[in-house]
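# Breakdown of the fold
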Amino acid sequence: MRDYNNIQNEGLSRVDSMSKKELFLANLEGRWTARTPVWMMRQAGRYMQEYRNVRQRHSFEEICKTPEIAADVTCTPVTLFDLDAAIIFSDILFVVEPFGFKLTYEPGPAIDPSLSSRDQAGRFRPYDPVDHLSFVGDAIVDAKRCLGPDIPMIGFCGAPFTIFCFLCGVQAARGFFKPYKYMMNYTEETREILQVISEVSLEYLKMQADAGADYVQLFDTFAGELSAEEFEIWSKPYLDYIINGLNESGIPSGIFIRNSNHLIDSISSMNMNSFCVDWKGDLRSISNRLNPKILQGNLNPNLMLGPKEKVIDKTLRILESMRDYPGYIFNLGHGVLPDTPPENVRAVVQTVHAFER
Ligand code: CP3
């Protein structure tokens, strides 16, 4: 058996002749490939010394809103760890600013004022992302220039329900009574707000695809707080709206939901290409219940804080369980944590690359 703890010197493993982009897109189309592509949510971030150096000179907002810097931060982990896809460095919350909300990061996000009264619903008028969020498109163009045509680029936005939670003042995944209070008391206004966010988000993702994003992911991080029945009311219709629009434009899409186990039946009837699974469920058994069948996930990011050997062991067990599975992209079950040793990110990528299916 190959020694997975000692594969540093094998170089960039190419077990087949596909480019990274071809490999990524083949899996998104549900084709079996000899090698598994790997990327990680939050692959650029504070766990990297290179990122912390940039952060000493620039605030998070400055990085995101200056295309050359955002592009540079996007590319660094891809080249450093040999990842198979780039995700544009940005955040899900910039969409709220053109509605007239002030957004600050310390580094957790805060939105002012928070959404609590009925009359605030009047602020939500559709706007053109090209007029207000073009820095994201420009960063994609710059990053593609630096990475070349063979690396797939991932665009993203927040899902309407998750953006709504932040608007209502959910912080550090606490305070879910706030969006409930608004939804239950101002139901019609909530629907209008979610619809406007959906329309803007669809245009925003199309803009990212026009700039060069090959795949776009919707982050519905907080949808797992909803019951299965509530998900059908407060999240799914808006995700469907965006995904149907993307499908009409031929843009491949995926969704990430944290704590999604109780939502799998609902998710199963949705039309995105792929689903990004959090770490709590077993990938292979979820695949049997889920249509779309293309899966991403689901190494527990907390395990990445431990010794490399344990990380490699769990990575191999996930790969083994998905060995014959057509349409699988390795990822974590949530973002890379700031305390993660970079060697563990490297070890995961090398293990995935060295694994011949
Ligand atoms: O994945 C990537 O590498 C691309 C960049 C990316 C960021 N945020 C950078 C970021 C992506 C895809 C996001 C999405 C995002 N942002 C989500 C959905 C995914 C998830 O994590 O559930 C959410 C909920 C947000 C909102 C947000 N932005 C939070 C809660 C925080 C604070 C958390 C933290 O790590 O401090 C941010 C700030 C943020 N977004 C940072 C980064 C790298 C930290 C900023 C810094 O300190 O430099």
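Structure's up top.
Residues numbered from 1 in each chain as written. Predicted model: local features only at pLDDT ≥ 70, side-chain atom pairs only at ≥ 80, totals over all residues.

If you tally the helices and strands in the protein, you get 15 helices and 9 strands. For the protein, the C-alpha radius of gyration of 20 Å lies close to 21 Å, the compact-globule estimate for 357 residues. Dimensions of the protein, computed from C-alpha atoms along their principal axes, come out at roughly 65 × 45 × 40 Å. Considering the protein as a whole, with its 357 residues, one finds that 46% of them fall into the buried category. For the protein, the proportion of contacts with a sequence separation of at least 24, taken over those separated by at least 6, is 73%. (Helix = DSSP H or I, 4+ residues; strand = E, 2+ residues; numbered from the N terminus. Rg over C-alpha atoms; globule rule 2.2 N^0.38 Å. Buried ≥ 20, exposed ≤ 12 C-beta atoms within 10 Å, placed from the backbone. Contact = placed C-beta atoms within 7 Å.)

The next thing to look at is the site of the ligand. Near the ligand lie 22 residues; those nearest to it are G45, F60, P107, F219 and T221. Looking at side-chain class alone, the shell around the ligand contains 12 nonpolar, 6 polar and 4 charged residues. (Near = placed C-beta within 6 Å. Nonpolar A, V, L, I, M, F, W, Y, C, P; charged D, E, K, R; others polar.)

A few words on the packing of helix α14 (residues 308-321) against helix α15 (residues 342-354). Closest axis-to-axis distance for the α14/α15 pair is 9 Å, and the angle between their directions is 30°. The handedness of the crossing between α14 and α15 comes out as right-handed. Contacts from K308, V311, I312, T315, L316 and L319 in α14 reach E343, N344, A347, V348, T351 and V352 in α15. Taken together, the residues of the contact of α14 with α15 break down into 7 nonpolar, 3 polar and 2 charged. (Axes fitted to C-alpha atoms, helices over the stretch in contact; angles between N-to-C directions. Left-handed = near helix turned anticlockwise from the far one by under 90°.)

Pairing within the open sheet is parallel, and its 7 strands lie in the order β1-β4-β5-β6-β7-β8-β9. Only two strands of the sheet have a single partner each, and these edge strands are β1 (86-87) and β9 (328-332). With 4 bridges joining them, strand β5 (residues 215-219) and strand β6 (residues 253-256) adopt parallel strand pairing. Its bridge partner lying in β6, F219 is registered against F256. Each of β5, β7 (274-276), β8 (294-299) and β9 is contacted by helix α1 (residues 20-28), which is oriented at about 100° to β9, the strand it contacts most. (Pairing = 2+ DSSP bridges.)

Now for helix α7 (residues 160-167). Most of α7 is tucked away, with 8 of its 8 residues classed as buried. Those residues of α7 that sit buried are P160, F161, T162, I163, F164, C165, F166 and L167. A positive phi of about 105° marks G169, the residue just after α7.

On to the packing of helix α6 (residues 134-147) against helix α9 (residues 187-211). How two helices sit against one another is set out by the angle between their axes and by the gap between those axes. At a closest axis distance of 8 Å, the pairing of α6 and α9 adopts a crossing angle of 25°. What the angle tells us is that α6 and α9 run roughly parallel. The crossing of α6 and α9 is right-handed. Packed against α6, whose contacting residues are V136, G137, I140 and V141, the element α9 presents M207, Q208, D210 and A211 at the interface. (Parallel < 35°, antiparallel > 145°, perpendicular 65-115°, else oblique.)

Turning next to the environment of N261. Following the sequence through the fold, N261 ends up in the loop between β6 and α12 (264-268). Separated by 16 residues in sequence, N261 and V277 place their C-alpha atoms 8.7 Å apart. Setting aside chain neighbours within four positions, we find N261 in contact with K280 and G281.

With that out of the way, let us pick up the pairing of strand β4 (residues 153-158). Burial runs high along β4: 6 of the 6 residues are buried. In β4, alternate side chains face the same way, and those of M153, G155 and C157 on one face and I154, F156 and G158 on the other are all buried. The pairing of β1 with β4 spans 2 bridges and is parallel. Along β4, the bridge assignment pairs I87 with I154. Judged from the 5 bridges that link them, β4 and β5 form a sheet pairing that is parallel. Bridging across to β5, G155 finds its partner in V216.

With 13 residues, helix α11 (residues 236-248) ought to run about 18 Å at 1.5 Å a step, and its terminal C-alpha atoms sit 18 Å apart, in line with that. Restricting attention to buried positions, one finds in α11 the residues K236, Y238, L239, I242, I243 and L246. Taken around the axis of α11, the buried residues stretch over an arc of 165°, which confines them to a single face. Residues of α11 that are buried sit in contact with α7, α9, β5, α10 (228-234), β6 and α12. Where α11 terminates, the next one or two residues include G250, which has phi positive at roughly 70°. (Expected span 1.5 Å × (residues − 1). Arc of directions from axis to C-beta.)

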